[in-house]
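Summary of the model geometry
Each chain, written out:
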Amino acid sequence: MSRSPGFSRCMPAGAGTSCRKSLVRLKPGIPISDVQHDKLIKESVKHSEGSRMTAPQPQTGSRTGRRRGRRAESEAIISVQGIRKTFGDVTALKNIDLTVSKGTVLGLLGPNGAGKTTLVRILTTLLNPDGGQATIAGHDVVRDRTALRRIVGLAGQYAAVDENLTGRENLRMVGRLYHLERKQARRRADELLDRFGLLKAADRLVKTYSGGMRRRLDLAASLVVSPEVLFLDEPTTGLDPRSRTDLWDVINELVAEGTTLLLTTQYLEEADYLADKIAVIDHGKIIAQGTADELKRQIGGDVLELHVGDRARTDAAIEAIADLNVGEPHADATSGCITLTVTNGAQVLTQTIRALDAIDMPIADIALRRPSLDEVFLALTGHETAEQPAEEEE
Amino acid sequence: MTETELSRPSVKPADTSSIRQSLRWTISDIFVMTQRNLMRYIRLPQLLAFSTIQPVMFLLLFTYVFGGAINVSNMSYIDYLLPGILIQTVLFGSIQTGVGLAEDLSHGMVDRFRSLPMARSAVLAGRTLSDTVRNAFVVLLLAGVGYLIGFRPDNGLLPAIAALLLVVLLGLAFSWISATIGLTVRDAETAQVASQIWIFPLIFASSAFVPTETMPAALRTFTMINPVTFAADAVRALLQGGDVGASLPGTLAWIGGLLLVFVPFAVRRYRHSL
């Protein structure tokens, strides 16, 4: 199958391409056994900087191992049951049930106002739920707030860093507020600055940082004490594509090290790339859960995409395809791209080619692909991922 | 990235289970927050410059523009005026407490702090404390400028120190009112305006700048209960010698009362500022 520029015009904005899919498979896979992980967690707090507390780094990891291996053998670290929240008349969350296994990434996917932020704020103790129960590593989000705050990290929608401090000062301050000794806080700040590529800018005021640098610093701040569970609320919203991929790389490294991550996003591409499992949230309800592939399967089959050589005769092509009785073809008026959702892709592909040949229609491009998450979302919710009127914030 | 770069020590926060440890870290948290807030003035020196120029200007304008026309008994006008200017300065300075908190709220800093295992009280305590430090600095500076243009405390050093302390303490009490406002309106500019509108009349309808004898009866009644009047009279008496019997207990009562009401009020607002 060819891949002409015309093909990509068929894709919804932000939808995946096969290049991106191969990236998913290339995610660094460094499995950490749960026994080792538990041991790390149980290590009680010592003011000493223990090299023995360093996470073991296996030399190799199978590239696909991280997803499959870890999920199979690990238990739930985030468990949410029937969480509800209303703000005045607006119901932000209705009976949310969710579990996240240790060491995995859950992508909470939904449009603005779907309730993503509200859920993250509840799970990070910033907000009390109206009902239901949620625990993180066994700590109740309402009753065990203090214990919980010591094991979770949060990086919010806007980079919560002090503009009038330098990057280094910001991280030291957070370290001190996590109750690290001065020396330890200092060392940790330096490590993180190095890790996040901010060493050069470390002594510059944050107000001179670019958006991407701020996000990285914010993320670094949420990692000062190596949290067991990390919450990232729309970590790349508003970033340029380059900064976004940079941040994705960093997030992938963290996950490879065994951090459990709950990530909210409105970008399907991001959830597809970073998450092991995706929960689709809409109007305060989880409407679908599963791996990206499972979700894609839910709308049934593949998508056939076709560009005809003779745009003037697009209608004739559609008619010919419709006559095959394998599904209803749609044509995009601007791109001239014809799409068709099919269950037995390979067969339909040959049939289509034959049918078009029969009416002497040249084919500029034809391809069979998995549906994008945009299409999944549309199929699940009946509306596009456009902004919703519901308010998340009080 | 190499393996070494990836490896990171599993840093865990300190244990705060014992009361001693928890007290130690609470004090540390307040210190860290105070330091952070004061850094702002080091990083934005112009902010400190302008917030000092204004009261100095007030001092000079009042002394040289109104000074000649205003007659106060038993002291020079600068000696009468300076306590008033000091009080005005700390009251206006206290507005910054609410502004700063509103800024932190709207920029997500409060969310960050709230998600940390730090002492809950530290954000508010650090903010009011840093504003008190700044107020103390400006008060000392004003006293110095006042001295240059003829202000003379005639009652000895200790009462003078007590007078300045009283002014700073009054500022702290007002900082908590301002904190409550800032946490309620949650917007820096609104916090600024919402405090100015009542601080202005409070300062002018008092004995801060002129004796109250010539004011209309209704206004005079108000000045008699106004904390600014109590404080101005007490500070004047401490600096120049005089009876503090009525004004000092009144001032302390106001300070205590304001703290008693607005500290819990602000803390409540902070807890619920979601």
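Owing to the predicted nature of the structure, the values given are computational and were not obtained by experimental measurement.

Scanning chain A from terminus to terminus reveals 15 helices and 14 strands. Residue burial in chain A is summarised as follows: out of 394 residues, 44% are buried. Sequence separation of 24 or more characterises 74% of the internal contacts of chain A that already satisfy a separation of 6 or more.

What follows deals with the sheet that holds strand β9 (residues 277-282) of chain A. Residue and element names in this part refer to chain A. An order of β6-β7-β8-β3-β9-β10 is seen for the 6 strands of this open sheet, with the pairing classed as mixed. Each having just a single partner strand, β6 (152-155) and β10 (285-290) make up the two edges of the open sheet. Averaged over all pairs of adjacent strands, the angle between strand axes in this sheet comes to 15 degrees, irrespective of strand direction. The pairing of strand β3 (residues 105-109) with strand β8 (residues 260-265) spans 5 bridges and is parallel. Looking at β8, one finds that Leu109 is bridged to Thr265.

The next thing to look at is the pairing of β8(A). Residue and element names in this part refer to chain A. Of all 6 residues making up β8, 6 are buried, and the element is well covered by its neighbours. Residues Thr260, Leu262 and Thr264 of β8 are buried on one face, and the alternating residues Leu261, Leu263 and Thr265, pointing to the opposite face, are buried as well. Strand direction decides the pairing type here: strand β7 (residues 229-233) and β8, joined by 5 bridges, are parallel. Residue Phe231 lies in a different strand from β8, and its bridge partner there is Leu262.

Bringing the sheet that holds strand β11 (residues 302-308) of chain A into the picture now. Residues and elements named next belong to chain A. Judged by pairing direction, the sheet is antiparallel, and its 4 strands sit side by side in the order β12-β13-β11-β14 without closing on themselves. The strands lining the two open edges of the sheet, one partner per strand, are β12 (330-331) and β14 (363-369). Those strands touched by helix α13 (residues 314-322) are β11, β12 and β13 (337-342), and its axis lies near 10 degrees from that of β13.

In this section: the confidence of the model for chain A. Parts of the prediction with low pLDDT should not have their coordinates interpreted in detail. Residue and element names in this part refer to chain A. For chain A, mean pLDDT is 77; residues scoring 70 or higher make up 77% of the total. Looking over chain A, one finds the lowest element-wise mean pLDDT in helix α2 (residues 18-25), namely 31, and the highest in helix α7 (residues 167-177), namely 96. Contacts from residues 1-73, a stretch scored under 50 in pLDDT, to residues over four places away or in other chains number 118 contacts.

Attention now moves to the pairing of β7(A). All names here are of chain A. Within β7, 5 of the 5 residues are buried, leaving the element largely enclosed by the surrounding structure. Across the two faces of β7 the burial is the same, with Val229, Phe231 and Asp233 and Leu230 and Leu232 all buried. Here β6 runs beside β7; their pairing, made up of 4 bridges, is parallel. Considered in β7, the bridge of Leu154 is made with Phe231.

Further remarks concern the domain arrangement of chain A. Each domain of chain A was delimited in the assignment, giving domain 1 (18-34 + 66-296) and domain 2 (302-369). For domain 1 of chain A versus domain 2 of chain A, the distance between C-alpha centres works out to 42 Å.

Take unusual backbone geometry next. Residues and elements named next belong to chain A. A positive phi angle, near 70 degrees, is found at His179, a position not held by glycine. Assessed through the 27 C-beta atoms surrounding it within 10 Å, His179 is described here as buried. Here Ser226, not a glycine, exhibits a phi torsion of approximately 45 degrees, which is positive. The residue Ser226 is located in the loop between α9 (211-221) and β7 in this model. On the basis of neighbour counts, which here come to 22 C-beta atoms within 10 Å, the residue Ser226 falls in the buried class.

This next bit is on the confidence of the model for chain B. Residues and elements named next belong to chain B. Summarising the model, chain B shows a mean pLDDT of 90, and 93% of its residues fall at 70 or more. Residue range residues 1-9 is modelled with pLDDT below 50. Its contacts to residues more than four positions away, or to other chains, number 15 contacts. Reported confidences for the modelled complex are a pTM of 0.77 and an ipTM of 0.88.

Quick look at the packing of α13(A) against helix α14 (residues 345-358) of chain A now. All names here are of chain A. It is at 9 Å that the axes of α13 and α14 come closest, and there the two elements cross at 130 degrees. It follows from the interaxial angle that α13 and α14 lie oblique. Every pair of crossing elements has a handedness; the one defined by α13 and α14 is right-handed. In contact with Ala317, Ala320 and Ile321 of α13, α14 contributes Thr352, Ala355 and Leu356.

So, about the nonpolar core. With 149 residues, the main nonpolar core has B:Ile87, B:Val167 and B:Val235 as its most contacted residues. Excluding residues within four positions of it along the chain, B:Val235 makes contact with B:Pro83, B:Leu86, B:Ala163, B:Leu166 and B:Val167. Of all hydrophobic cores here, the second largest spans 13 residues; its members include A:Val303, A:Leu304, A:Val348 and A:Leu356.

We now examine the packing of helix α4 (residues 77-106) of chain B against helix α6 (residues 122-148) of chain B. Residues and elements named next belong to chain B. Axis separation between α4 and α6 bottoms out at 9 Å; the angle between their running directions is 155 degrees. Taken together, the axes of α4 and α6 are roughly antiparallel relative to one another. The two elements α4 and α6 cross, and the hand of that crossing is right-handed. Taking contact as the criterion, the partners of Ile78, Leu82, Ile85, Leu86, Thr89, Val90, Gly93, Ser94, Gln96, Thr97, Gly100 and Leu101 in α4 are, on α6, Arg127, Thr128, Asp131, Arg134, Asn135, Val138, Val139, Leu142 and Gly146. Among the residues making up the contact of α4 with α6, the classes are represented as 9 nonpolar, 9 polar and 3 charged.

What counts and how
Residues numbered from 1 in each chain as written. Chains lettered and ligands numbered in written order. Predicted model: local features only at pLDDT ≥ 70, side-chain atom pairs only at ≥ 80, totals over all residues. Helix = DSSP H or I, 4+ residues; strand = E, 2+ residues; numbered from the N terminus. Buried ≥ 20, exposed ≤ 12 C-beta atoms within 10 Å, placed from the backbone. Contact = placed C-beta atoms within 7 Å. Pairing = 2+ DSSP bridges. Axes fitted to C-alpha atoms, helices over the stretch in contact; angles between N-to-C directions. pLDDT = per-residue confidence, 0-100. Domains from an automatic or database assignment. Parallel < 35°, antiparallel > 145°, perpendicular 65-115°, else oblique. Left-handed = near helix turned anticlockwise from the far one by under 90°. Core = buried A, V, L, I, M, F, W, Y, C linked by C-beta atoms within 7 Å. Nonpolar A, V, L, I, M, F, W, Y, C, P; charged D, E, K, R; others polar.

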